[in-house]
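Per-entry structural report
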Amino acid sequence: MLIIGLTGSIATGKSTVSSILSSPPYSLPIIDTDLLARKVVEPGTPGYKAIVNYFGPSTPDLLLPADDPISKNYTAGRPLNRPALGRRVFGTTEERKRDRMILNKIVHPAVRWEVYKALIYRYLTGSWAVVLDVPLLFESGMDLICGSVVVVGVTDPEVQMARLRARDPHLSAEDAENRVRSQGDVKGKVEKAEFRGTKTARGVIVWNDGDKADLEKEVRSAMKTIAAASPRWWAWMLLLAPPLGVGIVVWNMAVNFLTQKSWAKKEKEEKAKL
């Protein structure tokens, strides 16, 4: 089974690409880590308790009010006030970076476990490919398990900012900028995907500077490249021959590990030249 890692920065159109891939003619199963991240911090979960214990004392509006309509759907406690939590962790100050790191340490392990369970299920049910939708794919190291990585990018940062504020009108210009910066430079993600190898479809770029029709053309081209490198008959062969499948998984992870190491070395050398 081919694992297609889908990533991009906020408001680049990643969710739209995910929606396209889940619909005909592709109809690929989507593992959305944003949805899983919400699931693992619902009231009553260990993640929820850890967040409340750490952020609660210093964030008075961390939880939604008891009379909020959403709160009435839960009996294990009031849900997290996500905008308030976002204001606490998004930004470039050292304090916000620290809080974001702590939040990630709470959420990421639980999300990874849910991802692995979903991947096993999709493999056993015979999916030839699955889309792993992760905003911070490279940053979390989850590109290690992906046979192909698709980065959704825009060439103009102003387009990204405008889309974000149109989507979330409650955000101030400062809040929008903090959220964009917190998810990393789109160009950096593009460079990492290209470093994986565009000719072998290990790294694929989908540009989203135009309208949805243009985006659909980009997705169609990307999937044509990926399907040529990993045809369906190959996925069925791996499913019917588990030992071969395990071997390919190990080989793929080894290649990705060496690629990560090479990229880290490249970055270190470039910083040393500055």
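Residues numbered from 1 in each chain as written. Predicted model: local features only at pLDDT ≥ 70, side-chain atom pairs only at ≥ 80, totals over all residues. Heavy atoms only, no water.

**A few points about the UniProt feature "transmembrane region" (unreviewed entry) in the protein**
Mapped onto the present numbering, the UniProt feature "transmembrane region" (unreviewed entry) falls at residues 233-258. Helix makes up 96% of residues 233-258 and strand 0%, and the two end C-alpha atoms of the span are 27 Å apart. (UniProt positions renumbered as here; feature names shortened; annotations may be inferred. Helix = DSSP H or I, 4+ residues; strand = E, 2+ residues; numbered from the N terminus.)

**A short note on the nonpolar core**
The biggest cluster of nonpolar side chains holds 34 residues, and the ones touching the most others in it are I51, L80, L85, V107, V115 and L132. Where this core is concerned, the elements lending two or more residues are α2 (33-39), α3 (46-55), α4 (82-89), α5 (94-124), β3 (129-133), α6 (137-140), β4 (148-153) and α9 (186-197). With six residues, the top contributor of residues to this core is α5. Of the residues that make up this core, three or more belong to each of domain 1 (1-29 + 128-273) and domain 2 (40-126). Non-local contacts of L80, meaning those with residues more than four positions away in its chain, are made with V41, Y48, I51, V52, L62, L63, L64 and L85. (Core = buried A, V, L, I, M, F, W, Y, C linked by side-chain atoms within 4.5 Å. Buried < 20%, exposed > 50% of the residue type's maximum accessible area, 1.4 Å probe, protein only. Domains from an automatic or database assignment. Contact = heavy atoms within 4.5 Å.)

**Considering the sheet that holds strand β1 (residues 2-8)**
The parallel open sheet is built from five strands, whose spatial order is β2-β3-β1-β4-β5. Two strands close off the open sheet at either side, each with one partner strand: β2 (30-32) and β5 (203-207). On average, adjacent strands in this sheet sit at an angle of 20 degrees to one another, irrespective of strand direction. Direction of pairing for β4 relative to β5: parallel, over a ladder of five bridges. Note on β5: the bridge partner recorded for V149 is G203. Where helix α1 (residues 14-22) meets the sheet, it contacts β1, β2, β3, β4 and β5, and its direction lies at approximately 150 degrees from that of β1. (Pairing = 2+ DSSP bridges. Axes fitted to C-alpha atoms, helices over the stretch in contact; angles between N-to-C directions.)

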